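Here is how the chains run, residue by residue.
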Amino acid sequence: MGQYAYEKHKDYDIEFFLIALGDVAKARSINKIAKDLNLDNGYRIINNCGDDAGQTVKHIHFHLIGGASISDHGRFVFEDIVENVPWINDDNFIPFIKNVVKERGVDLIYPATDMAITVLKRAEKELGCPVIASPLQTVETCLSKQKTYNTLKNVVRVPKVYSPTDEVEYPIFGKPNIGHSSKGVAVLHSEAEKNEYLTKNQDVLLLELLPGEEYTVDCFSNKDGELLFSSARVRA
């Protein structure tokens, strides 16, 4: 994008375009240049590091601003951090982030949790700042285990999903439809345990229990959705 933008807009100083901030009159943010070029469908940001990689601007600065709803480890990770951010289910969350984007001149948002990805991606236009994530439909599908199973069931094998009234062979596995870090999961050994689990938890799935080691498959694709790399690993 840098070369393209430079050729299309000769008045843009390429150095400050790459820096994406500054007090010089010609400096423009990445987001501003993308809007000027009508790059609504996306663009790439490429940063060459070192002479052998073709780096010509010897000082390129990307300013990272962290955000956290609680004041704990964030200040040890980011030199510049916005703390006491409203929780993502708070009505003030998006207005708060929108204000930070405006006041701090934020060009890109990198969400760090599943729920944050979804909430921020839904509000991308309102925020006026690109949210680095998959398309909204993909994000919402991946957030919900039920939607993920429905999407993949004709492609790969997925666990059988039971309704609360199905006759099942115990044990079975209960897990939240939306969740992470194995929170709220349980192995259910009887009808009584199942009913107690459903009473105490909302929006959960009842699944066949899959014994044995758990595997994760890491995949890396290009912007066209073509698989470039995949590797399976045992979950720790």
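Please read all numbers here as calculations on a predicted model, not as lab measurements.

A.B. asks: Help me understand the nonpolar core in this model?
C.D. replies: One broad rule of soluble globular proteins: the nonpolar side chains tend to lie buried together. Core analysis: the largest hydrophobic core is formed by 16 residues, its most contacted members being F93, I94, I97, V101, I109, L120 and L127. For this core, the secondary structure elements donating two or more residues are α5 (93–104) and α6 (114–122). Considering each element in turn, this core owes the most residues, five residues, to α5. Beyond its immediate stretch of four places on either side in the chain, I109 contacts I97, V101, L120, L127, C129, P130, V131 and I132. Core analysis: the next-biggest nonpolar cluster, separate from the first, contains six residues, Y162, I172, L188 and Y197 among them.

A.B. asks: Is there a simple way to explain the pattern of salt bridges in this structure?
C.D. replies: Two side chains of opposite charge can pair, provided their charged atoms sit close to one another. Counting across every chain of the model gives seven salt bridges. Among the salt bridges present, the one from E124 reaches K121, with a minimum N-O distance of 3.3 Å. When its relative accessible area of 12% is taken as the criterion, K121 is described as buried.

A.B. asks: What am I meant to see in a nonpolar patch on the surface here?
C.D. replies: On the surface, L64, F76, V77 and F78 cluster together into a nonpolar patch covering about 460 Å² of accessible area. The topology assignment puts F76 in helix α4 (residues 74–77).

A.B. asks: I would appreciate a short explanation of the pairing of strand β8 (residues 227–234) in the present structure.
C.D. replies: Relative to β8, strand β7 (residues 215–221) is paired through seven bridges, and the arrangement is antiparallel. What sits directly across from D218, in β8, is S231. In sequence, β7 turns back onto β8 through a hairpin of five residues, with G225 there showing a positive phi of about 80 degrees.

A.B. asks: Help me understand unusual backbone geometry, please; the structure alone is not making it clear to me.
C.D. replies: With the exception of glycine, most residues fall at negative phi, and the peptide bonds are largely trans. In the segment running from Y170 into P171, the intervening peptide bond is cis, with an omega of 5 degrees. Non-glycine residue N84 carries a positive phi angle of around 60 degrees. Within the secondary structure, N84 sits in the loop between β2 (81–82) and α5. Assessed through its relative accessible area of 57%, N84 is described here as exposed. Even without being glycine, S181 reaches a positive phi, approximately 60 degrees. Inspection of the secondary structure assignment puts S181 in the loop between β4 (172–176) and β5 (186–188). We classify S181 as exposed; its relative accessible area is 59%.

A.B. asks: Mind showing me how you'd approach the confidence of the model for the protein chain here?
C.D. replies: It should be kept in mind that the predicted coordinates are not to be read in detail where pLDDT is low. Across the protein chain, the average pLDDT comes to 81, with 82% of residues at 70 or higher. Taking the mean pLDDT of every element in the protein chain, the minimum, 31, falls on helix α2 (residues 14–19) and the maximum, 97, on β4. Below a pLDDT of 50 lies the segment residues 1–28, which in the model reaches 50 contacts outside its immediate sequence neighbourhood of four places, other chains included.

Rules used throughout
Residues numbered from 1 in each chain as written. Predicted model: local features only at pLDDT ≥ 70, side-chain atom pairs only at ≥ 80, totals over all residues. Heavy atoms only, no water. Core = buried A, V, L, I, M, F, W, Y, C linked by side-chain atoms within 4.5 Å. Buried < 20%, exposed > 50% of the residue type's maximum accessible area, 1.4 Å probe, protein only. Helix = DSSP H or I, 4+ residues; strand = E, 2+ residues; numbered from the N terminus. Contact = heavy atoms within 4.5 Å. Salt bridge = Lys/Arg side-chain N within 4 Å of Asp/Glu carboxyl O. Patch = residues over 30% accessible without salt bridge, like charges linked within 9 Å, V, L, I, M, F, W, Y side chains within 5 Å. Areas by Shrake-Rupley, 256 points an atom, 1.4 Å probe, with all protein chains shown as cover. Pairing = 2+ DSSP bridges. pLDDT = per-residue confidence, 0-100.

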